[in-house]
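Listed below are the residues making up each chain.
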Amino acid sequence: MTEERALFIIFGGSGDLAQRKLYPALYGLYFQGRLAKHFAVIGTARRPWTDDHYHEVVKQSLVGAPGSAHQKTEFAEHFYYQSHDVTDAAHYVTLQKLASKLNLQYQLDGNRIFYMAMAPRFFATIAEHVKSEQLLSPDGYNRLIVEKPFGRDYASAKQLNDDISQAFSEEQIYRIDHYLGKEMVQDIMPLRFTNPFLENVWSNQFIDNIQITLAEDIGVEERAGYYETAGALRDMVQNHIFQIIAMLTMEKPSRYDATAIHEAKRAVLAAIKPYTPAQVHTNFVRGQYVGGDNLGLSYREEDNIAADSTVETYVAGRVDIDNDRWRGVPIYLRTGKKMPAKTSRIDIVFKPTKDNILPTTGNAPVRANVVTLIIEPDTGMHITLNGKEIGVSDAVSPFTLDHALDKDELAKAPEAYQRLLLNILEGNKLTFTHWDELAASWHFIDAVRNVWDNDKADGLAFYPSETMGPKQADELLSRDYRTWIWQGK
Ligand code: NAD
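Residues numbered from 1 in each chain as written. Predicted model: local features only at pLDDT ≥ 70, side-chain atom pairs only at ≥ 80, totals over all residues. Heavy atoms only, no water.

In terms of regular secondary structure, the protein is built from 16 helices and 15 strands. Relative to the compact-globule value of 23 Å for 489 residues, the protein shows a C-alpha radius of gyration of 24 Å, a close match. C-alpha atoms of the protein, sized along the principal axes, occupy 75 × 50 × 45 Å. Classification of the 489 residues of the protein by burial places 54% in the buried group. (Helix = DSSP H or I, 4+ residues; strand = E, 2+ residues; numbered from the N terminus. Rg over C-alpha atoms; globule rule 2.2 N^0.38 Å. Buried < 20%, exposed > 50% of the residue type's maximum accessible area, 1.4 Å probe, protein only.)

Take a look at the structure:
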């Protein structure tokens, strides 16, 4: 196992993301041997913590992780804390001194990873100071990690991108979309491009429609402040769902590398034309959950949510790709809170067989084949096929081939953040979002958002918690003589 050498500088080292995701993920790499002697972490935040206290915080974040207390202590000793106000230039000078010292002490080859684990409004200031106070390492690499949300519309995303680009080139910027780190999302390329029986039917000639569902069973929980300014469209569709669409529908990249894959994704996203206001009304549905007896609170009753909030907790929509491969194949998407179960899945629905000559029970039409990728909570796929009913009957009957990823292997597989951090250390940008992809998805989302913002509450449909969302989401498909494949639990 090769050991990676790097200094991590985490802006927001006392925050939720750092403690819940980053420290366990870094520890996972340490436990795996990918980080060993030659790494160090500087955590910065406003609070005046000592290194000893910081070590305790780091160890606390590892409760339940494998390994001995001794291993965890050794790991935590690679962490250094600096109280830091991101707007104060002097603090970057101290940071640069500490970074240089740790570079020598741990022999880090000048490799630096800057992690923005703070609210995006600080990114411009951080990038500006990183450059002006010469925190960029002259030898080794400099990589910048940016979390979602990347903007709240095209204009703010562009501004954010311009801001960070003052100090970092596109090549050095890693924009995280943690869905790209999920096992079954990473499985899309091998499934599509190494199985001729799928690859050869992956087009409008054989596929009838594609359905993408990212359903949550929880409500807004502690994210009220952010969610009220975002809503489901920005929170889930702009990033995760558009990235899944791109992976499913891009042309075969010319090579298996990040540049070729980004180019293929960019091209297909550019073929999704932003809707006119009339098309938004026809093709997009938004909803908000309503509680009741045994259903918990309504969205508007949750803590820190406006009593007249028009923020959507549910979105369903139809997206069309204007290119030769996909013209005429609707992509239906939906995401929502307080749905009956937590499920992320993709259903690829094929066209039914033509001119069936075989008997079916009650003369029902032969079922269409469906390839389903289950992203979570289970991980695997189903293929629905048709065969003969068992016994004397000649009738055609559907059956399902199920493939569940091996649970023991999965348990050993790294968590999404661990995999993403490893990709960053290796300089592998396959699982990150290029600016061009973001720009294209924001253009589409802005067109929808603008209509909704003008309409305010008009068109916001309320749905009871623990249901599949507003009936308008079913009508989106039924008007095309189709139905959602996933109907709940
Ligand atoms: P948080 O509020 O828990 O942490 C913010 C951190 O920034 C803290 O360490 C705080 O001390 C520091 N900070 C704030 N103002 C500062 C200042 N002026 N100078 C120096 N430090 C300052 O936030 P979080 O949940 O950890 O989220 C961080 C980022 O990651 C956000 O952009 C968020 O959208 C994104 N994100 C978080 C999660 C998650 O699971 N928490 C998931 C996806 C994306």
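And the narrative resumes.
Attention now moves to the site of the ligand. The local shell around the ligand holds 20 residues, among which S14, D16, L17, R20 and M118 are the closest. A distance of 2.7 Å separates an oxygen atom of the ligand from a polar atom in the backbone of L17. One of the backbone nitrogen or oxygen atoms of V86 is found 3.3 Å away from a nitrogen atom of the ligand. Notes on the ligand: free accessible area 840 Å², of which the protein chains cover 75%. (Near = heavy atom within 4 Å. Polar contact = N/O pair within 3.5 Å; in protein donor to acceptor, adjacent residues only side chain to side chain. Areas by Shrake-Rupley, 256 points an atom, 1.4 Å probe, with all protein chains shown as cover.)

Our focus in this paragraph is the UniProt feature "binding site: substrate" (unreviewed entry) in the protein. Taking the UniProt record as the reference, the feature "binding site: substrate" (unreviewed entry) is found at H178, K182, E216, D235, K337 and K342. Note on placement: E216 falls in the loop between strand 7 (207-215) and helix 10 (224-249). When its relative accessible area of 17% is taken as the criterion, E216 is described as buried. Those residues in contact with E216 that lie beyond four places of it in its chain are G336, K337, K338, M339, A341 and K342. Examined against the element boundaries, K337 turns out to sit in the loop between strand 10 (331-336) and strand 11 (343-350). Looking at K337, the relative accessible area reads 2%, which means it is buried. Here the side chain of K337 touches E216 through a polar contact of 2.9 Å, side chain to side chain. (UniProt positions renumbered as here; feature names shortened; annotations may be inferred. Contact = heavy atoms within 4.5 Å.)

Quick look at the sheet that holds strand 14 (residues 396-404) now. In spatial order, the strands read 14-13-12-11-7-10-9-8-15; together these 9 strands make up an open sheet with mixed pairing. Single-partner strands in this sheet number two, and they are strand 14 and strand 15 (460-464). Along the sheet, successive strands turn relative to each other by an average axial angle of 20°, direction set aside. Inspection of the sheet shows strand 13 (residues 380-388) paired to strand 14 by 9 bridges, in the antiparallel sense. (Pairing = 2+ DSSP bridges. Axes fitted to C-alpha atoms, helices over the stretch in contact; angles between N-to-C directions.)

For the rest of this paragraph, the subject is the nonpolar core. Counting residues in hydrophobic clusters, the biggest one holds 115 residues, and the most contacted among them are I210 and F284. A total of 13 residues in this core trace back to one element, the largest contributor, which is helix 10. Taken domain by domain, this core gets at least three of its residues from each of domain 1 (6-147) and domain 2 (180-414 + 432-478). Among all residues touching I210, those that are not within four sequence positions of it are L248, T249, W326, V329, P330, I331, Y332, I346, D347 and I348. Counting 38 residues, the second largest nonpolar core, distinct from the first, contains L26, W49, Y174 and I176. (Core = buried A, V, L, I, M, F, W, Y, C linked by side-chain atoms within 4.5 Å. Domains from an automatic or database assignment.)

So, on to helix 15 (residues 435-455). Each full turn of the α-helix corresponds to 3.6 residues, which orients residues three or four apart in the same direction. A rise of 1.5 Å per residue sets the reference length of helix 15, with its 21 residues, at 30 Å; its end C-alpha atoms lie 30 Å apart and thus fit the reference within 8%. The buried fraction of helix 15 amounts to 15 of the 21 residues, a majority that puts the element mostly inside the structure. K456 occupies a position one or two residues after helix 15 and carries a positive phi of about 50°. (Expected span 1.5 Å × (residues − 1).)

Glancing now at the sheet that holds strand 5 (residues 142-146). Spatially, 6 strands are ordered 3-2-1-4-5-6 in an open sheet, and the strand pairing comes out parallel. Whereas interior strands pair on both sides, the edge strands pair on one side only; in this sheet they are strand 3 (79-83) and strand 6 (173-175). Within this sheet the neighbouring strands show an average axis-to-axis angle of 20°, counted without direction. As paired elements, strand 4 (residues 112-116) and strand 5 share 5 bridges and run parallel to each other. Note that in strand 5 the partner of M116 across the bridge is V146. Across the face of the sheet, helix 2 (residues 51-60) comes into contact with strand 2 (39-45) and strand 3 while running at roughly 120° to strand 3. Where helix 6 (residues 154-165) meets the sheet, it contacts strand 4, strand 5 and strand 6, and its direction lies at approximately 150° from that of strand 6.

Assignment of secondary structure puts D208 in strand 7. Accessibility expressed as a relative area gives 18% for D208, which makes it buried. A polar side-chain atom of D208 sits 2.8 Å from a polar atom in the side chain of N209. Within the local environment of D208, its side chain forms a polar contact with the side chain of R482, the two groups lying 2.6 Å apart. Apart from residues no more than four positions distant in its own chain, D208 is found in contact with G328, V329, P330, V349, F350, K351 and R482.

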